[in-house]
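The residues making up each chain are set out below.
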Amino acid sequence: MNEGSKKTIKRLSLAVLGMFTFSFALVPLYDVFCEVTGLNGKIELKATSNNNLEVDDGREIALQFVSHNNEEMPWVFRPSERAIKVQTGKYHTATFYVKNTTKKTMVAQAIPSVAPSNAASHLKKLECFCFEQQELAPGEEALLPVRLIFDNELPTSIKSVVISYTLFDVTDYKDAELAKQGSEMDHHGDQHTDHEMESTL
Amino acid sequence: MSAVLESHDHDHHGPAKGLTRWLYTTNHKDIGTLYLWFSFSMFLIGGAMAMVIRAELFQPGMQIVQPEFYNQMLTLHGLIMIFGGVMPAFVGLANWLVPMMVGAPDMALPRMNNLSFWILPFAFLILLSSLFMEGGAPNFGWTFYAPLSTTYAPPSVTFFIFSVHIMGASSIMGAINVIVTIMNMRAPGMTLMKMPLFVWSWLITAYLLIAVMPVLAGAVTMMLMDIHFGTSFFNAAGGGDPVLFQHIFWFFGHPEVYIMILPAFGITSHIIETFSRKQLFGHTSMVWAMGSIAILSFVVWAHHMFTVGLPLAAELFFMWATMLIAVPTGVKVFNWVTTMFKGSITFETPMLFAIAFVVLFTIGGFSGLMLAITPADFQYHDTYFVVAHFHYVLVPGAIFSIMAAVYYWIPKWTGHMYDERLGKLHFWLSFIGVNVTFFPQHWIGLAGMPRRVPDYALQFADWNMVSSVGAFLFGASQILFLFIVIKTVLGGKKATPQVWEGARGLEWTLDSPPPYHTFATPPKIT
């Protein structure tokens, strides 16, 4: 085989490896792309620190709430009101009703999504049940609050916004996390395990 | 490797005797034959599955199979036809023809060539064996969208993943072989722009394979990790995203579509110029058109997923990028039509298949344009209109071109002319069968019949019955094709070296059949 062929083979093999790596690189790239462009309606899972959003000359938009249960999640989960009118530049509080219908203690995490997606960056939350996990005892119910505001920069083409929450069963993940934490703490000989665990809930 | 090259110095050296000839062979002609027969057997198996599908859909209501089994047939039909039927057929044609067309003694990597073929039967044995496993074969469609193929998949999905890995490895090795051969082993004087179009089309196809088969391997590897190793690439509950699967899959999947059609463009160009007894209208523009189609194929993937909730900007971009593909495709069709214009055309079987290819592939292209219109696609998505579209580009597109190629080059391969009367009969049965099968599917699709269903509403009954009758006709006429091929291999009128009056190119300067080793000394290109 001549030198040229060897060179071509080497280059092509590198290209194959490169493309295989690229397929895995697509996973973070996909998230980065969505974050930079704000394309898929994801919102940050933490409270806004900006308090200067309130204005008096806001306009009215229709706000709808949608709730989903992921896969086999058995809880009852629904918004107290499906649709409300809100003003941009004004705080509003909405509530969601949850009930653990099972016979065991479960932990849940709600993940929000906003449509249209270009409204996502204008939606700020002072407080939201989606910022933390919810643990409910068997048969326990709760009213979960979300306090939100749309800043006044919300594009005027947007007349109505849908906020959707999907409720995930994270009991197993929670257990695994706790078990891991517990074993780490045993390792360090920490005596405050119980207290620490409680605080992470 | 040098030992292999040395053996070419002995012109009298023929094939080994017995079955081990096929097992150990490193000869490009032998391997080409193996690929073509393998592809034919997969075509018949995948075809039998299509017959099960059409038999079930013959009438509304559940007729002969259970919905679970129907889904398995649907999935395996797609996987087998794409990865077992069309792709190996083109690799087989490349093995036979590329070295003879560029004046090379063999493929650049003969032992890897042997390996890349012989792992294929095992890949499909694994895939087919999943039919007999607990929970049945893969049932999530050939596109294996997560979470259907992860959370809700039958246990056999792991075997499916392994077999896709093997198929991918085979395709990648085949592609490396083709590129190295073309780039380094052309006869002196054969510049890139003098290369025959089939060689050009395969060079571009091979680059596409190198670029996207590793991405497919990545996608199934992520599935494997989600299923067995607790990762959450595609599982929303763990922070992953099922839509990500669709992006990765179609980043592979759309170039894959062109992998299955580009070699067909090359084949058609050769056949049309031969039987029009004219030079192709525009060789250079054909090369550029194929190149630009290949490049565009990387920026249109999301048109398969308009309905997942893409932002407006993305829907507009992917719509326009997709429509842009109509331009190079138009250049090609224009080229073929103008080549035939004022040519002294004769209508031998390969030419009939090639002309049918041009007409019917164009119909498939038009329905593709309709699907590219985002707002319209929301209506057409996941209906039988899509099924009609991709079968029009794949059956009278890719598969007709393969049949055309077999009729065109089989006198060269075997030294015997095929039976022209039977060939024409096969063409007309296939042509009628394919149109009766797939044309009515446009209508039932537009009327709202969803794809991938074992049962349907009563108003779709008549056209489904027509479609099934067409499918049975098309299926049965392929038995005739098998008969014609075997008859030609066994005997027939002796073929001349040139075979066809208008045929040009290095392969026609060789005897029919060509000696076991050809172009040990490279030919001179003027």
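What comes next concerns the included structure. (Residues numbered from 1 in each chain as written. Chains lettered and ligands numbered in written order. Predicted model: local features only at pLDDT ≥ 70, side-chain atom pairs only at ≥ 80, totals over all residues.)

Okay, the overall build of chain B next. Regarding its fold elements, chain B presents 18 helices and 0 strands. Here the C-alpha atoms of chain B give a radius of gyration of 23 Å, agreeing with the 24 Å that 2.2 N^0.38 yields for 526 residues. The principal-axis extents of the C-alpha atoms in chain B amount to approximately 65 × 50 × 45 Å. Taken across its 526 residues, chain B has 53% of its residues classed as buried. Intrachain contacts of chain B at a sequence separation of at least 6 include 82% that bridge at least 24 residues. (Helix = DSSP H or I, 4+ residues; strand = E, 2+ residues; numbered from the N terminus. Rg over C-alpha atoms; globule rule 2.2 N^0.38 Å. Buried ≥ 20, exposed ≤ 12 C-beta atoms within 10 Å, placed from the backbone. Contact = placed C-beta atoms within 7 Å.)

Within chain A one finds 3 helices and 9 strands. Along the chain direction, N to C, the helices and strands of chain A fall in the order α-β-β-β-β-β-β-β-β-β-α-α. Counting across all 201 residues of chain A, residues that qualify as buried make up 20%. Within chain A, contacts between residues at least 6 apart in sequence are counted, and of these 76% link residues at least 24 apart.

Let's shift gears to the nonpolar core. Ranked by internal contacts, the top residues of the largest apolar core, which has 172 residues, are B:Val86, B:Val199, B:Ala219, B:Phe353, B:Phe357 and B:Ala404. Other than its neighbours up to four places away in sequence, B:Phe353 contacts B:Phe400, B:Met403, B:Ala404, B:Tyr407 and B:Phe427. Counting 26 residues, the second-largest nonpolar core is a separate cluster that includes A:Phe77, A:Val107, A:Phe150 and A:Leu167. (Core = buried A, V, L, I, M, F, W, Y, C linked by C-beta atoms within 7 Å.)

Turning next to the packing of helix 10 (residues 262-276) of chain B against helix 13 (residues 326-340) of chain B. All names here are of chain B. With their axes 9 Å apart at the nearest point, helix 10 and helix 13 run at an angle of 15° to one another. Classified by the angle between their axes, helix 10 and helix 13 sit roughly parallel to one another. The interaxial crossing formed by helix 10 with helix 13 has left-handed handedness. Judged by residue contacts, Phe265, Thr268, Ile272, Glu273 and Ser276 of helix 10 engage Lys332, Trp336, Thr339 and Met340 from helix 13. Of the residues in the contact of helix 10 with helix 13, the class split is 4 nonpolar, 3 polar and 2 charged. (Axes fitted to C-alpha atoms, helices over the stretch in contact; angles between N-to-C directions. Parallel < 35°, antiparallel > 145°, perpendicular 65-115°, else oblique. Left-handed = near helix turned anticlockwise from the far one by under 90°. Nonpolar A, V, L, I, M, F, W, Y, C, P; charged D, E, K, R; others polar.)

Within a sheet, each strand pairs with its neighbour through backbone hydrogen bonds, oriented either parallel or antiparallel. Residue and element names in this part refer to chain A. In spatial order, the strands read 2-4-8-6; together these 4 strands make up an open sheet with antiparallel pairing. A strand with exactly one partner marks an edge of an open sheet, and here the two such strands are strand 2 (76-79) and strand 6 (123-128). When strand polarity is set aside, the average angle formed by the axes of neighbouring strands in this sheet is 25°. Bridge analysis of strand 4 (residues 92-99) against strand 8 (residues 141-150) gives 8 bridges, and the strand direction is antiparallel. Each bridged residue has a counterpart across the sheet, and for His92 the counterpart in strand 8 is Leu148. (Pairing = 2+ DSSP bridges.)

Moving on, we come to the sheet that holds strand 5 (residues 106-115) of chain A. Residues and elements named next belong to chain A. Strand order in the open sheet formed by 5 strands is 3-1-9-5-7, and the pairing between neighbours is mixed. Bordering the open sheet on either side are strand 3 (83-87) and strand 7 (134-136), each of which pairs with just one other strand. Looking at each pair of strands side by side, their axes are set apart by 30° on average, direction ignored. Both strand 5 and strand 9 (residues 160-169) contribute to a ladder of 8 bridges, which runs antiparallel. Counted as the bridge partner of Ala108 is Asp169 from strand 9.

Another aspect to go through is the interface of chain A and chain B. Where the parts come together, the accessible area they lose is often given as the size of the interface. In this complex, chain A contributes 22 residues to the contact, which on the side of chain B involves 22 residues. The leading source of residues in the side of chain A that touches chain B is helix 1 (residues 3-37) of chain A, at 15 residues.

Orientation of helix 1 of chain A relative to helix 7 (residues 157-184) of chain B, taken along the N-to-C sense of each, is 145°, at an axis distance of 9 Å. Like other packed secondary-structure pairs, helix 1 of chain A and helix 7 of chain B cross with a definite hand, here right-handed. On helix 7 of chain B, the residues that touch A:Gly4, A:Ser5, A:Thr8, A:Ile9, A:Leu12 and A:Val16 of helix 1 of chain A are B:Ile172, B:Ile176, B:Ile179, B:Val180, B:Met183 and B:Asn184. The class makeup of the residues in the contact of helix 1 of chain A with helix 7 of chain B is 8 nonpolar, 4 polar and no charged.

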